[in-house]
There are 2 protein chains.
Amino acid sequence: MRRFATERAKKLIVGSFLSSRSPSPSSHLLSSSAAAAASAMGSTQSPPVTLDSINPKVIKCEYAVRGEIVSHAQRLQQELQTKPGAHPFDEILYCNIGNPQSLAQQPITFFREVLALCDHPSILDKSETHALFSADAIARAWQILDLIPGRATGAYSHSQGIKGLRDAIAAGIAARDGFPANADDIFLTDGASPAVHMMMQLLIRSEKDGILCPIPQYPLYSASIALHGGSLVLAEENQREIVEFCKKEGLVLLADEVYQENIYVENKKFNSFKKIARSMGYGEQDISLVSFQSVSKGYYGECGKRGGYMEVTGFSADVREQIYKVASVNLCSNISGQILASLVMNTPKVGDESYESFIAEKNGILSSLARRAKALEDAFNSLEGVTCNKAEGAMYLFPRLHLPQKAIEAAKVVNAAPDAFYARRLLDATGIVVVPGSGFGQVPGTWHFRCTILPQEDKIPAIISRLKAFHESFMEEFHD
Amino acid sequence: MRRFATERAKKLIVGSFLSSRSPSPSSHLLSSSAAAAASAMGSTQSPPVTLDSINPKVIKCEYAVRGEIVSHAQRLQQELQTKPGAHPFDEILYCNIGNPQSLAQQPITFFREVLALCDHPSILDKSETHALFSADAIARAWQILDLIPGRATGAYSHSQGIKGLRDAIAAGIAARDGFPANADDIFLTDGASPAVHMMMQLLIRSEKDGILCPIPQYPLYSASIALHGGSLVLAEENQREIVEFCKKEGLVLLADEVYQENIYVENKKFNSFKKIARSMGYGEQDISLVSFQSVSKGYYGECGKRGGYMEVTGFSADVREQIYKVASVNLCSNISGQILASLVMNTPKVGDESYESFIAEKNGILSSLARRAKALEDAFNSLEGVTCNKAEGAMYLFPRLHLPQKAIEAAKVVNAAPDAFYARRLLDATGIVVVPGSGFGQVPGTWHFRCTILPQEDKIPAIISRLKAFHESFMEEFHD
């Protein structure tokens, strides 16, 4: 403990590092420090940390999709295990979050074959492997290993991600959009969320910076019109308007494009904002555009893999360097997630051994999602005082609740927003977890909830029955 | 584009979200938004973002291990590919960062077997699988899948990580320390760095908060005395002093314990700070303690997997809730990393099919690291004007440079710190990448560099020759 002896420790307060709240100086101080460090909390009580002594910004932050209702659901789930029969349902159905595989969606076989082979490459040249894995998965794994310096799938990569994988992603984007894409513009990340955080950390200087955001400001079908096209002309027209507006006002356009595969209507097509901007003749010099993509959504739904990327265009070289620096603070994103991000942008091709089964799995998932969305939407619209937009994309419905005044008053008594009150009652009665609309920036005075379309298809009829029975009883209880 | 039409967009500036710099409101706004959002930069130029308009804290932050010298090394590496023979070396040796597998360390077979099987569980019951994977890896994969709700390795998990894996980790900690550990105290993370960021985000309120930190404040052998024991009594005594100091002053103790397996001296033993505190009779009420662990270090060196955890003890329930909230913002860490974190804390046992090969791989790596550390340390100490502490643990040496005045002046001319000047010259002459000590908070007026002990053992003699030849020529050039 050469330099950390008790009598000297107070001298070692490293003030200069504390003028920054960006994560790096902290990590710099501590993330790999082989010794111990301490944060002075200005208190001699035990335990020293209280709500008053932590960062008030953390306390202020709310995150609806994993908020109080989810904690309550987890408690109920534990009770179901310890006291079966304690509640009027026998399972918790998590419709709060787009987490398809938690509701029994199966992973795409080809993707998992390649991941497994990259995790344990020493089986690649064994004969038994050919009995267990498809030929194109084996070939793809070899190809990916050759892209990784030293074939080291356990090494930190370049902070933007493995160059060869970024090349594959850029090629996939170019093929999708019909405009060039550059591997140097790709930053591979542990899902889309860290990418968004990176850009926010970079762009927000202070409370004086503004963010324009569509409301409701979270993934739900109705807002996804922007992405997926209200009707084929119109949507592109809306996207053009946004691009034009950003160009005119000097705004950065952050485009969350993680639902680009989730379109359930025949005549709709995904158009990336980059494609729109380029087709308007706007290039690097005209508009700063960041597109986010994730392996968690689409038909693949690989949330647990934490893979994704952002494509960053229209930033100057010196700002790009700063983005790279932020990326480098966490060293790199996980390699399996990187590999998977490259796979979703470069799927099996006609003639590949996996092609037909891949297409069957993909279409099976997407067509089932479309049927489930329709069934749930119809069910919501059949309820008294509920209206729900048509589901054409993404993974969510956002039904609006027209609640009786008595329900609104009952919510007030327990100090809850009316939609939170409704969601809590729904959970307690049915085991179905939805997110109150109040977490999504709904228009004041309106009430909604968000519900995923992800429960297994064969469970949808039972879910609808439970929803209807609950709703009728709720409306009866609070009828004016 | 219902609510984002051009003429309405300006009304949609969501001011209330911007009083927080914590990442969650941002992610809340955007991370899964199916539409587009824009950050107002107050400029109408194209491209709108300049160094003046981004967060100054990002610009201020420095991250030495992936800083300018690494960018330069990457440029040299590209030149070696495009113009072989352009430099007096034929490969870049990255000794700047503890990234063992990038320098050809092989992964532990058992760990990779389990990961591959969990990635593609449908091969688990095929007969060919038994020819390719060890029996205990197959059994372990089944066991892990049974811990995951719905066996869904592609689902978001609980934000602290999969409960059953946290149970395994807690059991591993308890077995290591001889004191109980609780799965509820474990937060699984994408490596140790995000865990450190989480705690910093929680604990730092403003520039007025202080952090005590040993200097040099980054992993290097000499500082790791604190962790690994200077001599068996003394080190524990130092750890006790730190615990006592934190208790007395009401400080949070953040213990980076990622090198707990990297000890190269027979009579030294790792003692966790929790073990020390508990053995002093201090419990939850007495000291707030966070221990960080990672799958990136140890003998496993699985940097690319991004797995790790923190064990959080001595915090009140309401503060714990805030930590959980911060964890929930990025949803969860990657599941492969979670599985791997459980494996490193629960390795094959005597009698398991993999046990002997596992132990052979583990000991092979650790004993080779010990030999490499010794050889490099001896080499540094043989150089004129260089002194280097004995390497007893971790993955680094931190030789001190006593540079001639002329070298210091030459560095000044090119506006570089003397150690950065030395490191750059070393790279240009030998292809060896080291990190200047100026990034590590060295004592002012002293100069060091950090060098990992990770190059392949059979390359060490050649590296030492190159180091010596460079150093002699450098000293001759700048001799007083």
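Residues numbered from 1 in each chain as written. Chains lettered and ligands numbered in written order. Predicted model: local features only at pLDDT ≥ 70, side-chain atom pairs only at ≥ 80, totals over all residues. Heavy atoms only, no water.

An unreviewed UniProt entry lists chain A under the name Alanine aminotransferase 2 isoform X2, with Elaeis guineensis var. tenera as the source organism. A UniProt comment under Sequence similarities (unreviewed entry) is attached to chain A, and it reads "Belongs to the class-I pyridoxal-phosphate-dependent aminotransferase family. Alanine aminotransferase subfamily." (UniProt positions renumbered as here; feature names shortened; annotations may be inferred.)

Undergrad: I'd like a description of the overall build of chain A, backed by residues and values.
TA: In terms of helices and strands, chain A carries 18 helices and 13 strands. Evaluated residue by residue, chain A yields a buried proportion of 63% over its 480 residues. Across chain A, contacts joining residues at least 24 apart in sequence account for 72% of those joining residues at least 6 apart. Summing over all exposed atoms, chain A offers an accessible surface of approximately 16,800 Å²; the carbon and sulfur share of this is 53%. (Helix = DSSP H or I, 4+ residues; strand = E, 2+ residues; numbered from the N terminus. Buried < 20%, exposed > 50% of the residue type's maximum accessible area, 1.4 Å probe, protein only. Contact = heavy atoms within 4.5 Å. Areas by Shrake-Rupley, 256 points an atom, 1.4 Å probe, with all protein chains shown as cover.)

Undergrad: Give me the pattern of salt bridges: which residues, what numbers.
TA: All names here are of chain B. Scanning the model with the defined rule gives 38 salt bridges over all chains in all. Close ionic contact of arginine 240 with glutamate 236 constitutes a salt bridge, the shortest N to O distance being 3.6 Å. In this pair, arginine 240 and glutamate 236 both sit in helix H11 (residues 232-249), four residues apart, roughly one turn of the helix. Judged by relative accessible area, arginine 240 falls into the partly exposed class, the value being 27%. You can call glutamate 236 partly exposed: its relative accessible area is 25%. Of the charged contacts in the structure, one is a salt bridge between aspartate 428 and arginine 424, with a shortest N-O distance of 3.4 Å. With aspartate 428 and arginine 424 both in helix H17 (residues 418-430) and four residues apart, the pair spans about one turn of that helix. A relative accessible area of 29% means that aspartate 428 is categorised as partly exposed. (Salt bridge = Lys/Arg side-chain N within 4 Å of Asp/Glu carboxyl O.)

Undergrad: I'd like a description of the packing of helix H9 (residues 192-203) of chain B against helix H13 (residues 317-329) of chain B, backed by residues and values.
TA: Residue and element names in this part refer to chain B. Running from amino to carboxyl end, H9 crosses H13 at an angle of 130°, the nearest separation of the two axes being 10 Å. The orientation of H9 relative to H13 falls into the category oblique. As H9 runs across H13, the sense of the crossing is right-handed. Together, Met198, Met199, Gln201 and Leu202 of H9 and Val319, Gln322, Ile323, Val326 and Ala327 of H13 make up the contact between the two elements. (Axes fitted to C-alpha atoms, helices over the stretch in contact; angles between N-to-C directions. Parallel < 35°, antiparallel > 145°, perpendicular 65-115°, else oblique. Left-handed = near helix turned anticlockwise from the far one by under 90°.)

Undergrad: Account for the packing of aromatic side chains, naming residues and giving values.
TA: Across all of its chains, the model carries 28 aromatic pairs over all chains by this definition. Ring geometry for Tyr422(B) against Phe449(B): centres 5.7 Å apart, planes inclined by 20°, an arrangement best described as stacked. Taken together, the positions of Tyr422(B) in helix H17 and Phe449(B) in strand S13 (residues 447-452) put the pair 27 residues apart, joining distant regions of the chain. For Phe449(B), a relative accessible area of 2% corresponds to the buried category. Connected via pairs of aromatic rings, a cluster forms that spans Phe380(A), Phe421(A), Tyr422(A), Phe449(A), Phe470(A), Phe474(A) and Phe478(A). (Phe/Tyr/Trp six-rings, centres within 6.5 Å; stacked < 30°, edge-to-face > 60°.)

Undergrad: Help me get a handle on helix H5 (residues 109-119) of chain A, residues and values and all.
TA: Along H5(A), ten of the eleven residues are buried, which leaves the element largely enclosed by surrounding structure. Listing the buried residues of H5(A) in full gives Phe110(A), Phe111(A), Arg112(A), Glu113(A), Val114(A), Leu115(A), Ala116(A), Leu117(A), Cys118(A) and Asp119(A). The elements touched by buried residues of H5(A) are helix H6 (127-132), helix H7 (135-147), helix H14 (335-344) and helix H15 (355-381) of chain A together with helix H5 (109-119) of chain B.

Undergrad: Please give an account of helix H7 (residues 135-147) of chain B that cites residues and values.
TA: All names here are of chain B. For H7, spanning 13 residues, the distance from its first C-alpha to its last is 19 Å, which sits close to the expected 18 Å at 1.5 Å a residue. Listing the buried residues of H7 in full gives Asp136, Ala137, Ile138, Arg140, Ala141, Ile144 and Leu145. Each element contacted by the buried residues of H7 is listed here: H5, helix H6 (127-132), helix H8 (163-177), helix H14 (335-344) and helix H15 (355-381). (Expected span 1.5 Å × (residues − 1).)

Undergrad: So, the environment of Arg425(B): which residues are in play, and what are the values?
TA: Residue and element names in this part refer to chain B. With respect to the element layout, arginine 425 can be found in helix H17. Of the residues examined, arginine 425 reaches a relative accessible area of 26% and is grouped as partly exposed. Note: C-alpha distance between arginine 425 and histidine 471 (46 residues apart in sequence) is 9.6 Å. Filtering out sequence-adjacent residues up to four positions away, arginine 425 remains in contact with Phe470, Phe474, Glu477 and Phe478.

Undergrad: I'd like a description of the side chain of Ser294(A), backed by residues and values.
TA: Residues and elements named next belong to chain A. In this fold, serine 294 is placed in strand S6 (residues 288-294). Overall, serine 294 belongs to the buried group, its relative accessible area being 5%. Only 2.8 Å separates the side chain of serine 294 from the backbone nitrogen of serine 296, close enough to count as a polar contact. Setting aside its immediate chain neighbours within four residues, serine 294 contacts Ala192, Val258, Tyr300, Gly307 and Gly308. (Polar contact = N/O pair within 3.5 Å; in protein donor to acceptor, adjacent residues only side chain to side chain.)

Undergrad: Talk me through the environment of Gly301(A); I want residue IDs and the actual numbers.
TA: Here Gly301(A) lies in the loop between S6 and strand S7 (308-313). Distance from Gly301(A) to Gly98(A), taken between C-alpha atoms, is 8.1 Å for residues 203 residues apart in sequence.

Undergrad: Summarise the pairing of strand S5 (residues 251-256) of chain A; cite the residues concerned and give the values.
TA: Residues and elements named next belong to chain A. With six of its six residues buried, S5 lies for the most part within the structure. Note: S5 against S6, five bridges, orientation parallel. Considered in S6, the bridge of valine 252 is made with serine 288. (Pairing = 2+ DSSP bridges.)

Undergrad: Kindly report on the pairing of strand S7 (residues 308-313) of chain B, identifying the contributing residues and their values.
TA: Residues and elements named next belong to chain B. Burial runs high along S7: six of the six residues are buried. Note that strand S3 (residues 186-189) and S7 share four bridges and pair antiparallel. The partner of phenylalanine 187 across the bridge, within S7, is methionine 310. Direction of pairing for strand S6 (residues 288-294) relative to S7: antiparallel, over a ladder of six bridges. Residue pairing across strands places serine 291 opposite glutamate 311, the latter belonging to S7.

Undergrad: Summarise the side chain of Glu377(A); cite the residues concerned and give the values.
TA: Residues and elements named next belong to chain A. Note on placement: glutamate 377 falls in helix H15. Buried and without a salt bridge, glutamate 377 has lysine 374 as its closest oppositely charged side chain, separated by 5.0 Å. Each residue touching glutamate 377, except ones within four places of it in the same chain, is listed here: Cys388, Asn389, Lys390, Ala391 and Leu397. (Lys, Arg positive; Asp, Glu negative; His and termini not counted.)

Undergrad: Lay out unusual backbone geometry in plain terms, naming residues and giving numbers.
TA: Residues and elements named next belong to chain B. Its identity is not glycine, yet arginine 151 carries a phi of approximately 50°, on the positive side. Position of arginine 151 among the secondary structure elements: in the loop between H7 and H8. Given the relative accessible area of 42%, arginine 151 is considered partly exposed.

Undergrad: How would you summarise the packing of H15(A) against helix H18 (residues 460-477) of chain A if you had to cite specific residues and measurements?
TA: Residues and elements named next belong to chain A. Remark: H15 packs on H18, axes separated minimally by 10 Å, with the N-to-C direction vectors making an angle of 15°. When the axis of H15 is compared with that of H18, the two are roughly parallel. For the pair H15 and H18, the crossing hand works out as right-handed. Taken together, the residues of H18 that come into contact with H15 (itself represented by Arg372, Ala375, Leu376, Ala379 and Phe380) are Ile460, Ile464, Leu467 and Lys468. Among the residues making up the contact of H15 with H18, the classes are represented as seven nonpolar, no polar and two charged. (Nonpolar A, V, L, I, M, F, W, Y, C, P; charged D, E, K, R; others polar.)

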